[in-house]
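Structure at a glance
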Amino acid sequence: MSVPRRFLLAEFATPEPMVAAARKLRESGRAGLDAYSPYPVHGIDEALALPRSKVPIVAFCAALCGIAGGYTMQWWMNSVDYSINVANRPPHSWPTNIPITFESAVLTTALTIFFGCIFYFFGLPRTYHPVFEAEEFRSASLDAFWISAELSEADDVVGLRTTLREAGARTVMVVTESL
Amino acid sequence: MGNNIPVGWAFGIINFVWWIGIGHAGTLISAILLLFQQKWRTSINRFAEAMTLFAVMQAGIFPVLHTGRPWFALYWLFPYPSTNRIWPQFKSPLMWDVFAVSTYFITSFLFWYLGLIPDLASLRDSSTGRWQRRIYGIFAFGWRGSARHWHHYKIAYLLLAGLATPLVLSVHTIVSFDFAVSILPGWHTTIFPPYFVAGAVFSGFAMVVTLLVPARRFMNLKSLVTIRHLEAMCKIMLVTGLIVAYGYALEHFVAWYSGNKYEYFVFANRRGIFVGNERAAANSPYMPIFWLMVFCNCILPNIFWFRFGRTNVYVMWASAILINVGMWCERFVIVVTSLHRDFLPSSWAIYKPTWVDLTLFAGTICFFGTLFLLFLKFIPAVAVSEVKELRHEIEHEHHTGILPPGSQEVIHETEMEGAKP
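Description of the structure in this document. (Residues numbered from 1 in each chain as written. Chains lettered and ligands numbered in written order. Predicted model: local features only at pLDDT ≥ 70, side-chain atom pairs only at ≥ 80, totals over all residues. Heavy atoms only, no water.)

Focus on the side chain of Thr337(B)
Counting through the fold element by element, Thr337(B) comes out in helix H12 (residues 313-339). Non-local contacts of Thr337(B), meaning those with residues more than four positions away in its chain, are made with Val266(B), Arg270(B), Tyr286(B) and Phe332(B). (Helix = DSSP H or I, 4+ residues; strand = E, 2+ residues; numbered from the N terminus. Contact = heavy atoms within 4.5 Å.)

Laid out in structure tokens, this is it:
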């Protein structure tokens with residue numbers, strides 16, 4: 001059985017000190033940091049040094065697949081597998097295939113973006129996370145700004161607490177994952 | 001139903017086009033205004049997107065009923081390997097429509113739901129009942145507002161908006177192809193795609209205003225949905241209304257200028273006056289509907305030139321309802337008057353809706369209303385997290401003094417209005 005992870009949580013009333021504190025912690029070499037806010041906070045991506053999001057690349061690939069798939073479907077169904085002769089018009093005519101090719105590209109891309117984000121980029125659905133151990137953490141989706149730092153055995157919790165307090169945190173606490 | 005030869009497309013198609021057009025304002029508000037960074041959209045986008053979804057649901061009912069045998073529609077329309085071993089005919093605009101509308105519904109739903117996730121999480125965290133917390137918790141998927149998630153979320157939301165923008169233009173364009181690709185006078189015209197899109201936005205904004213004016217009053221949203229929002233919507237109705245009026249004028253002009261006898265006859269029959277030599281057209285049974293359409297869609301929106309029309313909610317609400325009526329009449333005029341005078345005078349007929357047509361239509365209005373009330377009851381009608389973000393931005397700009405001129409007065413007015421009982 002694995003050891004339950006411990007997290008240090010700090011709550012801030014406004015976003016700016018939270019971003020500053022996150023930057024400070026990251027620059028001091030701490031890993032396993034995260035920030036939580038009711039809306040996307042300006043500057044937190046740089047503060048946590050998050051890499052560029054891969055969502056656009058994934059979306060672009062999905063769009064190409066949608067175009068290829070949509071066009072191939074129409075070509076194969078209407079001119080190979082079940083060719084309908086309407087007044088001797090050619091069974092394969094690309095202009096009539098454009099609307100559905102476009103729609104299938106949009107559909108594939110939208111589905112990929114949504115489910116790709118939920119399942120892969122966000123790692124949801126996940127109804128349990130150690131940060132939810134703190135009842136106070138409810139404010140993270142309402143009006144407060146939180147930082148979490150994963151703690152190891154060797155960490156100086158007291159020193160970290162003081163640093164965060166000085167950075168303007170109004171609450172600092174330690175939560176332990178329940179296994 | 002009252003459909004018969006020669007009027008084979010009546011209420012089924014009129015109501016389909018009407019409902020799907022209403023849906024377009026939601027996507028316009030949520031996606032196009034997002035891309036143009038029109039931040040005022042924040043307090044109405046959730047509302048308008050919900051309207052889109054519910055309107056598209058109503059629209060989807062009609063083509064299925066229109067096929068007559070809905071169980072056949074499944075293998076006519078969806079490319080799945082059925083035991084009959086046949087595939088749909090993709091060269092038919094009907095098929096394009098199926099793909100356009102279903103893609104539109106799915107994409108709008110995903111866009112709406114992605115925007116809703118942070119708000120569902122905040123409902124989970126602010127509600128006190130055990131079951132409320134659980135249910136909202138399930139629908140929020142365990143969203144915790146992590147910066148690592150927001151990082152992807154922002155770009156995903158923007159990309160979905162970017163996808164929805166050409167999509168919304170394509171949907172009504174494809175709906176108009178159902179008519180324009182045929183070779184029937186009154187339908188076979190190249191102006192249809194832009195004119196349908198403008199009409200869709202026009203009717204959609206009218207429906208948003210129809211719903212928003214009572215909702216902001218009874219739900220006490222006056223500090224979020226201000227008169228400024230309503231004014232902006234009135235201006236969009238004015239612009240799109242004028243485009244629609246131009247479309248009507250051009251249709252009649254081209255019918256005359258083309259020198260095509262059949263084309264001229266259809267439009268003379270629609271308007272009933274200035275019919276020239278076409279004496280037969282003087283017998284125009286649907287003339288009142290045509291002129292009601294002209295009044296509601298071309299004359300009435302001009303009230304929004306005046307500040308009085310844009311700020312008085314009663315005037316605005318009454319006009320919006322009449323615009324919805326006018327846009328319904330437009331679809332009636334397009335569908336029925338192009339068909340009822342067939343090429344053979346012996347098959348001329350008058351279309352009258354039966355009680356089945358009327359009750360089905362009334363039923364969809366009630367279904368739409370029910371869904372809307374359920375939405376208002378259970379789901380945040382305003383995009384809460386986006387409003388919080390906007391509020392923070394405004395306050396930030398307020399402190400640093402980079403607010404554009406006039407904004408302080410607006411903020412003050414808004415606060416005063418919100419403070420009213």
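A closer look at the packing of helix H1 (residues 11-35) of chain B against helix H2 (residues 45-66) of chain B
Helix packing for two helices is described by the angle between their axes and how far apart those axes are. Residue and element names in this part refer to chain B. Interaxial distance between H1 and H2 falls to 7 Å at its minimum, and their mutual angle equals 160°. Our classification of the angle between H1 and H2 gives roughly antiparallel. Note that H1 runs across H2; the crossing there is left-handed. Taken together, the residues of the contact of H1 with H2 break down into 15 nonpolar, ten polar and one charged. (Axes fitted to C-alpha atoms, helices over the stretch in contact; angles between N-to-C directions. Parallel < 35°, antiparallel > 145°, perpendicular 65-115°, else oblique. Left-handed = near helix turned anticlockwise from the far one by under 90°. Nonpolar A, V, L, I, M, F, W, Y, C, P; charged D, E, K, R; others polar.)

Quick notes on H2(B)
Between its terminal C-alpha atoms H2(B) stretches 32 Å, which fits the 32 Å expected from 22 residues at 1.5 Å a residue. Directly beyond the C-terminal end of H2(B), a positive phi value near 85° is found at Gly68(B). (Expected span 1.5 Å × (residues − 1).)

Topic: the interface of chain B and chain A
Listed as interface residues are 54 residues of chain B and, on the opposing side, 61 residues of chain A. A buried area of about 5,400 Å², summed over both sides, lies between chain B and chain A, and 69% of it is on carbon and sulfur atoms. Of the charged contacts in the structure, one is a salt bridge between Asp125(B) and Arg138(A), with a shortest N-O distance of 3.4 Å. Inspection of the chain B/chain A interface yields 24 residue pairs in polar contact (both at pLDDT 80 or more). Elements with a contribution of two residues or more to the side of chain B that touches chain A: helix H4 (93-126), helix H5 (130-139), helix H6 (147-180) and helix H14 (384-400) of chain B. (Buried area = accessible area lost by both parts, 1.4 Å probe. Salt bridge = Lys/Arg side-chain N within 4 Å of Asp/Glu carboxyl O. Polar contact = N/O pair within 3.5 Å; in protein donor to acceptor, adjacent residues only side chain to side chain.)

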